[in-house]
Amino acid sequence: TLIRREDYLAPAFWIRKVELCFDLDPLKTIVTSKMQVERNAAVAHGPLKLHGEEINVLRVLINGESVSFRTEDDTLVIDNAPDADFALEIRNTCCPEKNTALSGLYTSGGSFFTQCEAEGFRRITYFLDRPDVMAVYTVLMRADKTKYPVLLSNGNLVEQGELDNNRHFAKWHDPFPKPSYLFALVAGDLVAREQRVRTRGGKDHLLQVFVRRGDLEKTEHAMNSLIASMVWDEARFKLPLDLERFMVVGVSDFNMGAMENKGLNIFNTSALLASPATSTDADFSRIESIVAHEYFHNWTGNRVTCRDWFQLSLKEGLTVFRDQEFSMDMAAAPSARAVCRIQDVRQLRAMQFPEDSGAMAHPVRPDSYVEINNFYTATVYEKGAEVVRMYQTLVGRAGFEKGMTLYFERHDGQAVTCDDFAQAMADANPGSELTKRLDAFKRWYSTPGTPRVTARGSYDAISRTYTLTLSQQNNGAAPQVIPVAMGLIGHGGQVLPLELQGEAEYHGNERVLVLDQAEQSFTFLNVFVEPVPSLLRGFSAPVLLDDGLSDADLLTLLTHDTDAFNRWEAGQRLALNRILAAVRSGTPLQLDAAYVDAMRSVLNHPQLDAAFKELALTLPGEAYIAEQLDVVDPQAIHAAVEAAQLQLAQALRADWVAAFEANGTIAGGYQPDPVSVGKRSLANLALAMLVLDTQAADAAVWQGRAYQRFKDAGNMTDRLGALAALVNGGAGLADSALERFHALFKADPLVVDKWFALQGRAPEREGRTFAKVKALLKHPDFTLKNPNRARSLIFSLCMFNPAAFHRADAAGYVFWADQVLALDAINPQVAGRLARAMDRWTTLTEPYRPAALEAIRRVAAKPDLSPDVREIVERALASG
Ligand code: ARG
Ligand code: ZN
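Nothing here was measured: the structure is a model prediction, and the numbers come from that model.

Caption draft 1: Inspection of the coordination of the zinc ion (ligand 2) at higher detail. Protein coordination at the zinc ion (ligand 2) comes from H293 (NE2), H297 (NE2) and E316 (OE), with a distance range of 1.9 to 2.1 Å. Counting along the primary sequence, the residues that act as donors to the zinc ion (ligand 2) give the motif H-x3-H-x18-E. Taken together, the positions of H297 in helix α2 (residues 281-297) and E316 in helix α3 (residues 312-331) put the pair 19 residues apart, joining distant regions of the chain. We classify H297 as buried; its relative accessible area is 0%.

Set out below in structure tokens:
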């Protein structure tokens, strides 16, 4: 059924307190829930309807007396609930061992874990499982002492002890009222890294990271990240840790990255465990940002939560923004901050832009959904974070901090809406560019799609004025408020003044123009040479920009822009123009000397960081290229990108050698600091380029060097980089390297995931990648039951390897349909994600489009499909 935002009604009852008791058993766990319930006087008198799924009720008592109730499609209804406050007791059972959906209470590796967001709590016991019902929880857990020595839940441990039959118990109390989605429980044979810390306010806290026995030495980075997050949130936003104890637990079977349960964060091990030998630089950085993200939720999500799930971006957009800011502050140096920003924008363009123009397009605050799990999307998260960033751009950093303070003053302990956040930001900043046009700004929450901004300038040499005309368009939607951070650069690199006609002098060399009309012009005075406009600096708004700049203009920005983001962007645009021209004309791509020389200057630049060079020399992603086209031929895009890559490899061979020699060895032990990370990334790119050109005179030498480096590498970043160079370059030694890698790491599931993923993403050559993936489905290490493993192979092919997936014989789509159906029977949430590989099928050219439609229809024809997959495929069909 379709749930609509406009249908929101306050709950008919409140649950103020809950006492939960768990007798944990993998096959039959008994849950007893004692709730203190009261009617919500503001709502019409009616029955009490509790949510519940896949659970068996044993008894229901009101004020100690059994009461009549009925169960109807996933609800338990009590028609004659008392008017006065009452005690409700429900006893039920559930089966954690059979819970392959990994929502609610489930087992993984012989331990118990929970995942309750968004609607998993109802799979544990009957409840008002909605975020605006907040209760104080006390949890008693009883379990076998040998199998489950560690018993954890939210809050503080208040009691523990022994029971008969080798069982024991623990009782936890969480003093903060919370919605049911933040409940958590863990029971198992786990060990913890512990650290005591004192916060600025002088309070002592115990931090613990729980993992399986062998993984303890891989928790140091997570612990350091947690401490850094605490320090940062206190310094930047004055938000301290409000609990005596803060626990983080790792689990191998998990649907997402991690979960911010109050005081008991639960993490996918892939987002928690790190060691130099088994994790890449990208893993280290992802772990730091996810640990921070979940920690930051303690305020933005837990202390102030969402009134309903349509408001999801209230906590997710804001918390992603906070973790992005944290990562930038950790990177410290301005150039390293720019690298963070470029990576975030690349991610947004690769994931959110296609989403916003495809079958699943939805506003940051969706208007309706069938299955809320389908709306944990790049739009809600990443575009939501961009919306929060625009507040900061419009009110300034200090103004933003004031807005946050007011938000917590007003709403601490409440379940609120995106409007409440917007209002706090505006009210804390009277007279600001935001407050002047708050209603228009809020269209960012309600308008789907990526706005297109067009910019054209004209220079008048006589009056020395430059007039910039900005216009916006988004499928006829009302104009949005678009902050355009900008500067003007002369062709010789001069930074030009930014004084606007009709205003007092302006001295900065950067400013923010606010575009809030369909079209607006801005006239700059005293512009002494013809400028190149550098627009949307730092990607100041999530839009597609058409600035009409020529190659010469872009080369000027690539060389001279003071904004590192726009320097990178200029290089990307030069590449994009060439790739699009080749694809549109259907002619083979041939790179010109101007472009190659520009890339050579970047690569050999004495001042630029290695990290920036790597980003600048990496071509735009195929998904982002596809977004620029009305009709998409994935094979043509791939061919153009491959040609561009090979030509860069050939034309810059000597420069790649120099880059590899300069960055390939780092003295001292492994450190994931921005400088070392940048060097490793550039060395890996250089090596990939050197192995790629199999026709070069010294091709065999570089293949041998790559193999040697793969064998001798002192860390996973170098090892996987060398392996990827061999596999992606189609080197003869690739197979033996893959075999060796597997033998070396077969005992480490997270590394085996990398091994599958590398093969699933390998560039397609004569169908070999696709055939290999099909063969790997039968590998003894492969299983659909573990989400990380399923993602490593199947998602790699269907979501991240367009040329292997979109086949003229439709075998990729058949594979997709088979896997969606197989996964749906195990884990609907993961299946729903995979289903989204077809989001953009309507743009495909022949023969892909009809073949894709047929595969989608085949999935949709299955009668007992989960609501998760059903919603995705129905929307895909409706978009055609
Ligand atoms: N709130 C979690 C986070 O972003 C994600 C939980 C997603 N859960 C889900 N069932 N979709 O940190
Ligand atoms: Zn989150």
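Caption draft 2: Seen up close, the site of ligand 1. Neighbouring residues of ligand 1: 16 residues in total, closest E117, E260, E294, N373 and Y381. Within the side chain of Q829, one N or O atom sits 3.3 Å away from a nitrogen atom of ligand 1. Its free accessible area being 350 Å², ligand 1 has 97% of it covered by the protein chains. Listing elements by their share of the shell around ligand 1, those giving two or more residues are β20 (258-259), α2 and α3. Broken down by element, the shell around ligand 1 gets its largest block of residues, 3 residues, from α2. Grouping the amino acids of the shell around ligand 1 by side-chain chemistry returns 6 nonpolar, 5 polar and 5 charged.

Caption draft 3: Geometry of unusual backbone geometry. Along the chain, E117 connects to A118 via a cis peptide bond; the corresponding omega equals 0 degrees. In this model, E846 is joined to P847 through a cis peptide bond whose omega is 0 degrees. The topology assignment puts P847 in the loop between α25 (828-835) and α26 (848-860). Backbone geometry places E54, a non-glycine residue, at a positive phi of 55 degrees. For E54, the position within the fold is in the loop between β4 (48-51) and β5 (56-62). Look at E54 and you get exposed, because its relative accessible area is 67%. Backbone geometry places E766, a non-glycine residue, at a positive phi of 50 degrees.

Caption draft 4: The sheet that holds β20, seen in detail. Strand order in this open sheet of 5 strands is β17-β18-β19-β21-β20, and the pairing throughout is mixed. Two strands lie at the open edges of the sheet, namely β17 (190-198) and β20, each paired on one side alone. In the packing of α2 onto the sheet, the strands contacted are β19 (245-251), β20 and β21 (264-268), and the crossing angle to β21 comes to about 150 degrees.

Caption draft 5: Summary view of the pattern of salt bridges. Considering all chains together, one arrives at 62 salt bridges under this definition. Here D242 ties to K262 by a salt bridge, and the two come within 2.9 Å at their closest N and O atoms. With D242 in the loop between α1 (220-237) and β19 and K262 in the loop between β20 and β21, this residue pair connects regions lying 20 residues apart in the sequence. For the residue pair D242 and K262, the accessibility class agrees, reading buried in each case. Linking R578 and D592 is a salt bridge whose minimum nitrogen-to-oxygen distance equals 2.5 Å. With R578 in helix α10 (residues 564-585) and D592 in the loop between α10 and α11 (593-604), the pair connects residues that are 14 residues apart, well separated along the chain. Among the residues examined, R578 registers a relative accessible area of 12% and is labelled buried. The partly exposed category is assigned to D592, whose relative accessible area is 27%. The network of salt bridges with shared partners includes R236, E325, D329, R337, R389 and E401.

Caption draft 6: Region of interest: the sheet that holds strand β3 (residues 29-39). Across the sheet, which stays open at both edges, the 8 strands sit in the order β6-β5-β9-β3-β2-β12-β15-β14 with mixed pairing between neighbours. The open sheet terminates on both sides in strands that have one partner only, identified here as β6 (65-66) and β14 (156-162). Strand direction decides the pairing type here: strand β12 (residues 134-144) and strand β15 (residues 167-179), joined by 10 bridges, are antiparallel. Bridge pairing links L140 to K171 in β15.

Caption draft 7: Up close: the packing of aromatic side chains. What the rule picks out here adds up to 39 aromatic pairs. Here Y369 and F375 contribute two aromatic rings whose centre-to-centre distance is 6.3 Å and whose plane-to-plane angle is 45 degrees, an arrangement assigned as tilted. Centre to centre, the rings of Y407 and F421 are 5.1 Å apart; their planes meet at 85 degrees, and the pair counts as edge-to-face. Taken together, the residues span a long stretch of sequence, with Y407 in helix α5 (residues 378-411) and F421 in helix α6 (residues 418-427) at a distance of 14 residues. Aromatic ring contacts, followed pair by pair, group W232, F237, F246, Y295, F296, F321, F326 and F400 into a single cluster. Between the NZ or CZ atom of R511 and the centre of the ring of Y506, over which it lies, the distance is 4.1 Å. The ring of F800 has R761 lying over it, and the distance from NZ or CZ to the ring centre is 4.3 Å.

Caption draft 8: How the structure looks around the packing of α3 against helix α4 (residues 334-356). The geometry of α3 relative to α4 is characterised by a closest axis approach of 7 Å and an angle of 150 degrees between their N-to-C directions. Taken as axis vectors, α3 and α4 run roughly antiparallel relative to one another. As for how α3 packs across α4, the hand of that crossing is right-handed. Of the residues in α4, those in contact with Q324, S327, M328, D329 and A331 of α3 are A336, R337, C340, R341 and D344. Here the contact of α3 with α4 is composed, by residue class, of 4 nonpolar, 2 polar and 4 charged.

Conventions we followed
Residues numbered from 1 in each chain as written. Chains lettered and ligands numbered in written order. Predicted model: local features only at pLDDT ≥ 70, side-chain atom pairs only at ≥ 80, totals over all residues. Heavy atoms only, no water. Donors = N, O, S within 2.8 Å, 3.2 Å for Na, K, Ca; no water. Helix = DSSP H or I, 4+ residues; strand = E, 2+ residues; numbered from the N terminus. Buried < 20%, exposed > 50% of the residue type's maximum accessible area, 1.4 Å probe, protein only. Near = heavy atom within 4 Å. Polar contact = N/O pair within 3.5 Å; in protein donor to acceptor, adjacent residues only side chain to side chain. Areas by Shrake-Rupley, 256 points an atom, 1.4 Å probe, with all protein chains shown as cover. Nonpolar A, V, L, I, M, F, W, Y, C, P; charged D, E, K, R; others polar. Pairing = 2+ DSSP bridges. Contact = heavy atoms within 4.5 Å. Axes fitted to C-alpha atoms, helices over the stretch in contact; angles between N-to-C directions. Salt bridge = Lys/Arg side-chain N within 4 Å of Asp/Glu carboxyl O. Phe/Tyr/Trp six-rings, centres within 6.5 Å; stacked < 30°, edge-to-face > 60°. Lys NZ or Arg CZ within 6 Å of the ring centre and 35° of its normal. Parallel < 35°, antiparallel > 145°, perpendicular 65-115°, else oblique. Left-handed = near helix turned anticlockwise from the far one by under 90°.

Remember, this is a structural readout, not a statement about activity or role.
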